[in-house]
Amino acid sequence: MITPTELYYSKDHIWIKVEDNRVRLGITGFAQTTLGEIVFLDLPEEGNSLTINNSFGDVGFIETTPNL
């Protein structure tokens, strides 16, 4: 399995990629097959600042709801 080096991963199989002043979110292939369909996504509004090591939203899967 190849793991992209430009991605940062959480213990809940969520990844982020920093692109200039923006961040792209995604979930790993493992999460896609294990956790099921995404049923909701709660993110801060564009332009809000985030704090390192603090949760900033939620993603809801059929099986679980990890913090982002």
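Anything mentioned here points back to the structure above.
Summary of the structure given here. (Residues numbered from 1 in each chain as written. Predicted model: local features only at pLDDT ≥ 70, side-chain atom pairs only at ≥ 80, totals over all residues. Heavy atoms only, no water.)

Remarks on the sheet that holds strand 2 (residues 14-19)
In step 1: Overall, antiparallel pairing links the three strands, which are arranged 1-2-3 in an open sheet. The two strands at the open ends of the sheet, each matched to only one other strand, are strand 1 (8-9) and strand 3 (22-27). (Pairing = 2+ DSSP bridges. Helix = DSSP H or I, 4+ residues; strand = E, 2+ residues; numbered from the N terminus.)

Structural notes on the pairing of strand 2
Here is the key point about a regular strand: its side chains alternate between the two faces of the sheet.
In step 1: Bridge count for strand 1 against strand 2 is two bridges, and the pairing is antiparallel. Within strand 2, the residue paired with tyrosine 8 across the bridge is isoleucine 16.
In step 2: Connecting strand 1 to the next strand, strand 2, in antiparallel fashion are four residues, including histidine 13 with a positive phi near 70°.
In step 3: In this sheet, strand 3 lies alongside strand 2 in antiparallel orientation, the contact comprising six bridges. Within strand 3, the residue paired with valine 18 across the bridge is valine 23.
In step 4: Taken together, strand 2 and the strand that follows it, strand 3, pair antiparallel across an intervening segment of two residues, in which aspartate 20 is found at a positive phi of about 60°.

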